[in-house]
Amino acid sequence: MMERSSTDKASQLKLNAAELLKNVKTSREKSPFKQEVTVCAATKTQSAELINMLPDLGITTIGENRVQELLDKYPLIDKDRFKIHFIGHLQSNKVKYIIDKVDMIQSLDSLSLAKEIDRQAKKHSKIMNVLCQINIGREESKSGVDPDKVEEFLLSIKDLTSIKVQGLMAIPPICEDFSVQKQYFQKIMQIFIDIKGKNMDNINMHILSFGMSGDYCQAIECGANMIRPGTALFGKRDYNKEN
Ligand SMILES: *Cc1c(COP(=O)(O)O)cnc(C)c1O
């Protein structure tokens, strides 16, 4: 297959972004929560050139998955115009490379990672925003805290003063049948509301990040206030291309 030219990709991105923002608006209106929604563009495999177009299209938060890829792109991104989130699985020994570069780590999934983020944040006199990732479908292939252990996990990290929990993140299982998927969405929302109601010290619960290209409309209708679309913005990813 021929590589699409970069102008094609740019004009496609413009169209896709407009379409996506329109759908976000419609879904918000349908949502009983009428929440504000932040679009965090999942930018893995995408070029800095394309990423840099996003703010003019109304998208100012991006999420990267891999440490090395983030470090490669970092010098090329218009950092003043973006919030950069880390959304992929993060190994503790790599926290030091990104601690001064990201505004939020959405993929906090263990106490040892929390301790390392806290330690590195202190070194940089910074408070790192994090989301607690929940493995809502209890899938082997996905990381995240067990849905029944979220409160216990948050209690275990509440004294780490250089991290600030701002909410929850999940990657729900893909289900053919939306009524099944909806149960996962509602479960995430329930955990979010329960934890919020507990008003735990040092734990904020205002961001709820779930919904990707295939399900962001339904996610918003079920209460997500941060979505992470990739393909819906950029088209199908090309993993073979060297970044
Ligand atoms: C890749 C990725 C996305 C975006 O997936 P799409 O299906 O392309 O929208 C969202 N969240 C995470 C954590 C991802 O790794």
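Everything discussed here concerns the structure shown above.
As the structure is a computational prediction, the values presented were derived from the model and not from experiment. (Residues numbered from 1 in each chain as written. Predicted model: local features only at pLDDT ≥ 70, side-chain atom pairs only at ≥ 80, totals over all residues. Heavy atoms only, no water.)

A. Representation of the overall build of the protein chain. Helix and strand counts for the protein chain come out as nine helices and eight strands. Here the C-alpha atoms of the protein chain give a radius of gyration of 18 Å, agreeing with the 18 Å that 2.2 N^0.38 yields for 243 residues. For the protein chain, the spread of C-alpha atoms along the three principal axes comes to 50 × 45 × 30 Å. Once local pairs closer than 6 in sequence are excluded, the contacts in the protein chain between residues at least 24 apart make up 61%. Carbon together with sulfur atoms contributes 49% to the accessible area of the protein chain, which is approximately 12,100 Å² in total. Once the 35 positive and 32 negative side-chain charges of the protein chain are each reduced to a mean point, those two points are 2 Å apart. (Helix = DSSP H or I, 4+ residues; strand = E, 2+ residues; numbered from the N terminus. Rg over C-alpha atoms; globule rule 2.2 N^0.38 Å. Contact = heavy atoms within 4.5 Å. Areas by Shrake-Rupley, 256 points an atom, 1.4 Å probe, with all protein chains shown as cover. Lys, Arg positive; Asp, Glu negative; His and termini not counted. Charge placed at Lys NZ, Arg CZ, Asp CG, Glu CD.)

B. Quick look at unusual backbone geometry. Its identity as a non-glycine residue notwithstanding, threonine 45 has a phi of 70°, on the positive side. The residue threonine 45 is located in the loop between strand 1 (38-42) and helix 2 (48-51) in this model. Using a relative accessible area of 4% as the deciding quantity, one classes threonine 45 as buried. Even without being glycine, serine 125 reaches a positive phi, approximately 50°. Of note, serine 125 is situated in the loop between helix 5 (111-123) and strand 5 (128-134). Using a relative accessible area of 73% as the deciding quantity, one classes serine 125 as exposed. (Buried < 20%, exposed > 50% of the residue type's maximum accessible area, 1.4 Å probe, protein only.)

C. Main features of the pattern of salt bridges. A complete count under the given rule lists 16 salt bridges for this structure. Close ionic contact of arginine 28 with glutamate 36 constitutes a salt bridge, the shortest N to O distance being 3.7 Å. The class of arginine 28 is partly exposed, set by a relative accessible area of 26%. Where aspartate 159 meets lysine 158, a salt bridge forms, and the shortest distance between an N and an O atom there is 3.5 Å. For aspartate 159, a relative accessible area of 59% translates into the label exposed. Connected via shared salt-bridge partners are Glu64, Arg66, Glu69 and Lys73. (Salt bridge = Lys/Arg side-chain N within 4 Å of Asp/Glu carboxyl O.)

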